[in-house]
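Here is how the chains run, residue by residue.
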Amino acid sequence: MQGPEAADGGILPPFPQAANALGREPSAYLRQHAGNPVHWRPFGDEAFAFAAARDVPVFLSVGYAACHWCHVMARESFEDPDTAAYLNANFVAVKVDREERPDVDAVYMAATQAISGEGGWPMSVFLLPDGRAFHAGTYYPPRPLPGRPSFRQVLEAVADAWQVRRDAVEQNAAALASGLAASQPSAAVRLGGVPEPLDASLPADAVQALAAAEDPSGGGFGAAPKFPPPAVLEFLIRHAAASAPGVSSPAVPAPLAGAGTGSGTAAQARGLAGRTLAAMARSALFDQLDGGFARYSVTRDWSVPHFEKMLYDNAQLLRVYVHWVRLGGTAGYPAAEAAEVAGRTAGWLLASLGLGTDGAGDAPPPGAGERPPPGALPEALASSLDADTVVDGIHAEGGSYLWTPAALEAVLGPADGAAVARLMNVHPRGTVSADGSPLHPGRAPSAGEAELWQRVRPVLLTERSRRPQPARDDKVVAGWNGLAVAALAEAGAVLEQPRLVAAAGRIAAYLERVHWRPGAAGAPGTLMRVSHDGAARGIGGLLEDYAFCVEGLVALYAVTGRTHWYRLAEGILAAACVRFTMDGALKDTTGESDQVSNAQGGRAPLELFDSATPSGAAAFAGALLSCAALSGSQEHRALAGNVLSLLPPLATRAPRAAGWLLATAHAALAGPVEAAVVGPDTPERAALHRELLLSPSPGLVIALQDEAMKDDDAAVPLLRGRGADADGAPLVYLCRGMVCGLPVRSPGELRQRLATMAE
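Conventions adopted
Residues numbered from 1 in each chain as written. Predicted model: local features only at pLDDT ≥ 70, side-chain atom pairs only at ≥ 80, totals over all residues. Heavy atoms only, no water. Helix = DSSP H or I, 4+ residues; strand = E, 2+ residues; numbered from the N terminus. Rg over C-alpha atoms; globule rule 2.2 N^0.38 Å. Buried < 20%, exposed > 50% of the residue type's maximum accessible area, 1.4 Å probe, protein only. Contact = heavy atoms within 4.5 Å. Areas by Shrake-Rupley, 256 points an atom, 1.4 Å probe, with all protein chains shown as cover. Lys, Arg positive; Asp, Glu negative; His and termini not counted. Charge placed at Lys NZ, Arg CZ, Asp CG, Glu CD. Salt bridge = Lys/Arg side-chain N within 4 Å of Asp/Glu carboxyl O. Phe/Tyr/Trp six-rings, centres within 6.5 Å; stacked < 30°, edge-to-face > 60°. Lys NZ or Arg CZ within 6 Å of the ring centre and 35° of its normal. Disulfide = S-S within 2.5 Å. Core = buried A, V, L, I, M, F, W, Y, C linked by side-chain atoms within 4.5 Å. Pairing = 2+ DSSP bridges. Axes fitted to C-alpha atoms, helices over the stretch in contact; angles between N-to-C directions. Parallel < 35°, antiparallel > 145°, perpendicular 65-115°, else oblique. Left-handed = near helix turned anticlockwise from the far one by under 90°. Nonpolar A, V, L, I, M, F, W, Y, C, P; charged D, E, K, R; others polar. Right-handed = clockwise from strand over helix to strand, strands pointing away.

Quick look at the overall build of the protein now. Across its full length, the protein holds 26 helices and 22 strands. Computed over the C-alpha atoms, the radius of gyration of the protein is 26 Å, within 12% of the 27 Å expected from 2.2 N^0.38 for a compact globule of 759 residues. Its C-alpha atoms give the protein principal-axis dimensions of roughly 85 × 70 × 50 Å. In the protein, buried positions account for 59% of the 759 residues. Contacts in the protein between residues far apart in sequence, at least 24 positions, make up 70% of those at least 6 positions apart. For the protein, the exposed area adds up to about 27,500 Å²; of that, 54% sits on carbon and sulfur atoms. The distance from the centre of the 60 positive side-chain charges to the centre of the 78 negative ones in the protein is 3 Å.

As structure tokens, this is what we get:
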């Protein structure tokens, strides 16, 4: 049996003692550490077997490529030869990219929080050779600080405990694993039986709870640090659409006159969503020059971002801003302004995270303001841009994005430079460092300010592109690309940008070609989580990967009418139903690693709460519901209902962590409405289809007759037995549970019927 590959592509001996094995890993974060004097290994059986053979503990370091403090600890400790020598002599060092292995991150984050009372990245965990944790923390400095020991002190204390107090170490590990097992909610979702009906009052109760948590001055919810809440915003937009009388699809991008004035929680939800969307878009969280959102703000007014830009954030936020455009906006945050933000975010996604047909490898992203040539579309999207920019060998947080008044005047001249400094709150004393401040308008510009900004923005963008740019993590994560497929397809449809729809199709094709492995002889297929350079590597996907990809494919089918995407969605969903619903309970993973299972006492994990992305359970419920609306599957509908049974205790106690469950519940309460568009592909059918694409009806599912599918049996089930009018004119059937009303044939009649069904 061959040993593992060495970094140079050769074959390592079974337990190499003096090698860093990260050079060929698909994760950019791991490859960033390939030059460390620490003898890092990737997470896997080999590393833990090596620790057992040496009778030493495992030091597990978890982070991600865009993490600022991960870079700090690497520079201070992992690049230090003395620290590395001690670590190598007394531990087996293992590096994990939390984005590549969220299953590893989740269990050891729970352990870290239980041990230390804090969590975050970099995460530093000490493990037995079987994977159970016994000590943990986050960032450790190179020298002691008040209340925080140095990293070397921690290493020495753990090594001493391992040698002198081994029994106590193993007892602590056993107790922690048992505690984590007891806290696992994997049995919370029982998949057998008839689900309880949803309480229609839950969404309104959740809106009231969210209103109580709103930051009235800064927008958003809670205090600093403040994160964008895309799943909660999606729920609020659906509630506004489902509950407000008279809501119908707007003409894009003009606001919907008079909409959102309904009484009660519909108007309240619209206001909450609009204030948060406006505050984020008019702040430094949104890159005012090039588009795209940063991970979070360290201030409550969104003025000082933590500068990493993540695919999962921007895919979700793009979709939410597009849905705000569909809803019609408000006077305080017009749909036209949101449409501009959405368009620039979509452009940034493709230009800065886009990976081409050559795999793109470790090539840096295009400079700010650069765009691929017309017609050039990426085949997949990379994971993130770093928070730091390396300038003269030094990591500078946000270095690409900061300005001073003098720098603005040097580029724009004294008059325009001073005016832009006032508009963007750039002062002599920087808000991030002495090197300056990000651009933060903090409000809507006046007409004159808007004209000035439109004139100078390209100039500043070109100047910024000449600076060193942040590094890109070029691994492709299946689930996040699935989120992007949904966002780009809907953005292209609503904003009338066919190029975005084409990009969504290319990314979906990449996911099918590289990440999806169809099953043989009736066996379920496998969706791989990560690829690099056009080849899938590592573990199979998690529940969230399957669900996000189904979400994206269903959205892409709704826009394009290509039956192939629907069939692929059904295939991936069927595989998820087999892989993640074993023994009548839902779980997030398929048990990729014995060490992860040991660390949580042998229990299968299930995360109930949304984090930066919707929980796998919530996303699975949404995927089941949408596919059931197209297929008529009562089994999938019942499974979705079983998962939604999680909602009642969360709706009012933790609505900020249950946004996608709430959004899915709204779709279920609305039906969801099913729209079957049939008849020849004519301008009249296109007008009917566009009316549906602009509808804010919660969870609306669209089936568009595929001209290539002449055989009725091959069509999407919702379309079967439904044809054009007697004179050949296209029709739309509006249905719930596959039961349809009389068809409609004009956009006006369709708009009115949709509004009636929303009441």
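There is more to say after this.
To continue, consider the pattern of salt bridges. Applying the stated criterion across every chain yields a total of 35 salt bridges. Of the charged contacts in the structure, one is a salt bridge between Asp-473 and Lys-475, with a shortest N-O distance of 2.5 Å. On the basis of relative accessibility, which here comes to 1%, the residue Asp-473 falls in the buried class. Overall, the relative accessible area of 0% leaves Lys-475 in the buried class. As a salt-bridge pair, Arg-685 and Asp-681 come within 3.8 Å of each other at their nearest N and O atoms.

Another aspect to go through is the packing of aromatic side chains. How two aromatic rings sit relative to each other is given by the distance of their centres and the angle of their planes. Under the criterion given, the structure shown has 21 aromatic pairs. Ring geometry for Phe-134 versus Trp-162: centroids 6.2 Å apart, planes at 25°, classification stacked. Highlighted residues: Phe-134 in strand β5 (residues 133–137) and Trp-162 in helix α6 (residues 151–164), separated in sequence by 28 residues. Across the pair, Trp-162 and Phe-134 agree in class, each one buried. When the ring of Phe-286 is compared with that of Phe-293, the centres are 4.9 Å apart and the planes differ by 50°; the resulting orientation is tilted. You'll find Phe-286 and Phe-293 in the same group, each marked buried. Counting every residue linked through ring pairs, the aromatic cluster contains Trp-40, Phe-59, Phe-78, Phe-91, Phe-126, Tyr-140 and Phe-151. In this structure, Arg-98 is placed above the aromatic ring of Tyr-64, and the distance from its NZ or CZ to the ring centre is 5.6 Å.

The subject of this paragraph is the side chain of Ser-626. Residue position: Ser-626 is located in helix α21 (residues 616–631). If we ignore the near neighbours within four places in the chain, the residues touching Ser-626 are Val-554 and Val-701.

Positionally, Glu-451 belongs in helix α15 (residues 447–465). When the C-alpha positions of Glu-451 and Leu-317 are compared, they lie 26 Å apart, and in sequence the two are 134 residues distant.

On to the state of the cysteines, then. For the structure shown, the criterion picks out two disulfides. Across the disulfide from Cys-735 sits Cys-740; the S-S distance is 1.9 Å. The disulfide joining Cys-735 to Cys-740 has a torsion of about 90° about its S-S bond and is therefore right-handed. Summary of cysteine pairing: Cys-549 is not part of a disulfide, and the nearest cysteine sulfur, belonging to Cys-627, is at 12 Å. Left unpaired, Cys-627 is separated from the closest cysteine sulfur, that of Cys-577, by 9.0 Å.

The biggest cluster of nonpolar side chains holds 195 residues, and the ones touching the most others in it are Leu-236, Tyr-321, Leu-488, Leu-586, Phe-620 and Leu-692. The element contributing the most residues to this core is helix α18 (residues 543–560), with 12 residues. If we ignore the near neighbours within four places in the chain, the residues touching Phe-620 are Leu-543, Ala-547, Leu-573, Ala-576, Cys-577, Thr-581, Leu-586 and Val-643. By size, the runner-up hydrophobic cluster in this structure holds 26 residues, among which are Phe-43, Phe-48, Val-107 and Leu-180.

This part takes up the pairing of strand β21 (residues 731–736). Consecutive side chains along a regular strand alternate between the two faces of the sheet. The buried fraction of β21 amounts to five of the six residues, a majority that puts the element mostly inside the structure. Across five bridges, strand β19 (residues 674–678) lies against β21 in antiparallel orientation. Residue pairing for β21: Glu-674 is matched across the bridge by Cys-735. Here β21 pairs with strand β22 (residues 739–740) via two bridges, running antiparallel.

With antiparallel pairing, the three strands of this open sheet are ordered in space as β8-β11-β14. Of all the strands in the sheet, the pair left with one neighbour each is β8 (309–310) and β14 (472–473). When β8 meets strand β11 (residues 384–385), the two strands line up antiparallel, connected through two bridges. Pairing of Met-310 across the sheet is with Ser-384, part of β11.

Let us look at the sheet that holds β22. As summarised here, the arrangement of the four strands in space is β20-β19-β21-β22, forming an open sheet in which the pairing is mixed. Taken across any chain shown, the strands that pair with only one partner, and hence form the sheet edges, are β20 (701–704) and β22. Bridging between β19 and β20 involves four bridges; their strand directions are parallel. Each residue of the ladder has a partner; that of Val-677, found in β20, is Leu-704. Most of the contacts of helix α25 (residues 683–693) go to β20, to which it runs at about 165°, and overall it touches β19, β20 and β21.

Right, let's get into the packing of helix α19 (residues 563–579) against α21. Close contact between α19 and α21 brings their axes to 11 Å; oriented N to C, the two are set at 130°. As judged from the angle between their axes, α19 and α21 are oblique. α19 and α21 meet at a crossing whose hand is left-handed. Of the residues in α21, those touching α19 at Tyr-566, Glu-570, Leu-573, Ala-576 and Cys-577 are Phe-620, Ala-623, Leu-624, Cys-627, Leu-630 and Ser-631. Here the residues of the contact of α19 with α21 are counted per class, giving nine nonpolar, one polar and one charged.

Attention shifts here to the pairing of β19. The buried fraction of β19 amounts to five of the five residues, a majority that puts the element mostly inside the structure. Burial along β19 is two-sided: the face carrying Glu-674, Ala-676 and Val-678 and the face carrying Ala-675 and Val-677 are both buried. Viewed along the sheet, the connection from β19 through α25 into β20 turns out right-handed.

Further remarks concern unusual backbone geometry. A cis geometry characterises the amide bond from Trp-121 onward to Pro-122, with omega recorded as 5°. Inspection of the secondary structure assignment puts Pro-122 in the loop between α5 (102–116) and β4 (123–127). Of note, the phi angle at Trp-302 is positive, near 65°, even though the residue is not glycine. Inspection of the secondary structure assignment puts Trp-302 in the loop between β6 (296–297) and β7 (305–306). Its identity as a non-glycine residue notwithstanding, Met-738 has a phi of 70°, on the positive side. Among the structural elements, Met-738 can be located in the loop between β21 and β22.

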